[in-house]
Structure formats: C-alpha cells, structure tokens
Amino acid sequence: MFETIFIPVDGSQYAERAARRGFEIASVFGSHVHLVCVADTGPLANYQLPGEHESAAKAITGRAEAIVEELRTRAPEGLEVTTATPTGAAKTEIVEYAASIDADLIVMGSRGRGGVERLMLGSVTEHVVRVSDIDVLVHGGRN
C-alpha cells in the first residue's frame, strides 16, 4: 500500500514525532523511507558568518544534514532510509521532492520550528496538504 513514504523534517519536536510515526508505518508496510530536511536559505544565503562556516547557506545546509542524520539513526533496524537536504523554499521543495520520488504518503508534523515560524503556524504543512496530489498524514504532536 505504501511503498515509498516521504518524511520532511525541520528539527522541531513536531517533525521528530511525525518521523517516529512515519517509521512505524513504514515498518508495518515494509516501505522505503525518504527523510528530508530542506535547507531553506532564503535571503541569508550570501551572508558571511564568523567561525567554521563560510556562509549562512553552508551553516543552514550543515544543520539540515545533521537533522536528517540524527533522525536516520533512530529508524528501526532493517528500515531502508534515504536522506536528502535540498535547498530552496521548504513548501515548494517538499511538494516537488515527494512528486519526484513518486511517494505514496507524506508524513509530517502539524507545526514547524518556534520563533518567527510559529507566527505562521503550520504554513508549510498547510501548503503541502493543499497543493500536493499525494496523501498527507499530519501528525498532531502527541507521541
């Protein structure tokens, strides 16, 4: 039923919980999981940062890579997981990536990270639900 499950994450507790739920579903159906964190650099991409990163874009990409790698290590043993960190606007990249892998199901959190993103509560999730032709399971945040 669900050969390919796509789980977009952003480092939030909601995405982490959704990933756990997606892993559970994938384990039941023997699905291949695509775990993706979009490196949404936006207008910050060209800013130079002090320290080990040459630019804000590299720092954001590095954080996205760390997020998917850390969650990949939590996947149940034997579950096939592919990770990726595309760059672009999260809501656009999520819809395009899911279509490109011919996903059968998208599993994502109802909300994203805190701070400014909290003002637009669930705007990425809402966009994906509204625009994607793929079934979307929105995990509300409890276990």
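In this text the structure is predicted, and so the values were computed from the model without any measurement. (Residues numbered from 1 in each chain as written. Predicted model: local features only at pLDDT ≥ 70, side-chain atom pairs only at ≥ 80, totals over all residues. Heavy atoms only, no water.)

Peer 1: What is the right way to look at the nonpolar core in this model?
Peer 2: Burial of nonpolar side chains together is a common tendency in soluble globular proteins. With 23 residues, the main nonpolar core has I5, I7, V9, F23, V33, L35 and L79 as its most contacted residues. Elements with a minimum of two residues in this core: β1 (4–8), α1 (13–29), β2 (32–36), α2 (56–72) and β4 (105–109). At six residues, α1 tops the list of elements feeding residues into this core. With residues near it in sequence (within four places) discarded, I7 still touches A19, G22, F23, V33, H34, L35, V36 and V107. Residues V38, A90, A98 and V128 belong to the second largest nonpolar core, which totals 15 residues. (Core = buried A, V, L, I, M, F, W, Y, C linked by side-chain atoms within 4.5 Å. Buried < 20%, exposed > 50% of the residue type's maximum accessible area, 1.4 Å probe, protein only. Helix = DSSP H or I, 4+ residues; strand = E, 2+ residues; numbered from the N terminus. Contact = heavy atoms within 4.5 Å.)

Peer 1: Sorry, what's going on with the pattern of salt bridges here?
Peer 2: Between side chains of opposite charge, a pair can form when the charged atoms approach closely. Tallying each qualifying case throughout the model produces six salt bridges. Ionic pairing is found between R130 and E126, a salt bridge with its closest N-O pair at 2.8 Å. With a gap of four residues between them, R130 and E126 both fall in helix α5 (residues 123–131), about one helical turn apart. The class of R130 is exposed, set by a relative accessible area of 55%. A relative accessible area of 41% means that E126 is categorised as partly exposed. One continuous salt-bridge network, built from bridges that share partners, spans E16, R20, E70 and R74. (Salt bridge = Lys/Arg side-chain N within 4 Å of Asp/Glu carboxyl O.)

Peer 1: Teacher, can you tell me more about unusual backbone geometry here?
Peer 2: The bulk of non-glycine residues show a negative phi, and the bulk of peptide bonds are trans. Not every positive phi belongs to a glycine, and D102 is a case in point at roughly 55°. For D102, a relative accessible area of 60% corresponds to the exposed category.

Peer 1: Whenever I open this one, the environment of V81 confuses me. Can you help?
Peer 2: Following the sequence through the fold, V81 ends up in strand β3 (residues 81–84). Each C-alpha atom, one on V81 and one on I5, is 9.6 Å from the other, the two residues being 76 residues apart in sequence. Those residues in contact with V81, other than ones at most four positions away along the chain, are V33, L35, R72 and A75.

Peer 1: Mind showing me how you'd approach a nonpolar patch on the surface here?
Peer 2: A cluster of nonpolar side chains, M1, V28 and F29, forms an exposed patch at the surface whose accessible area comes to about 380 Å². Within the fold, M1 resides in the segment before β1. A relative accessible area of 75% places M1 in the exposed class. (Patch = residues over 30% accessible without salt bridge, like charges linked within 9 Å, V, L, I, M, F, W, Y side chains within 5 Å. Areas by Shrake-Rupley, 256 points an atom, 1.4 Å probe, with all protein chains shown as cover.)

Peer 1: Would you explain the environment of M108 in this entry?
Peer 2: Mapped onto the elements, M108 comes out in strand β4. Accessibility expressed as a relative area gives 4% for M108, which makes it buried. Each C-alpha atom of the pair M108 and G22 lies 8.2 Å from the other, and the pair is 86 residues apart in sequence. Not counting residues within four places of it along the chain, the set of residues in contact with M108 comprises P8, A18, I94, V124, T125, V128, V136, L137, V138 and H139.

Read these as spatial facts, not as claims about activity.
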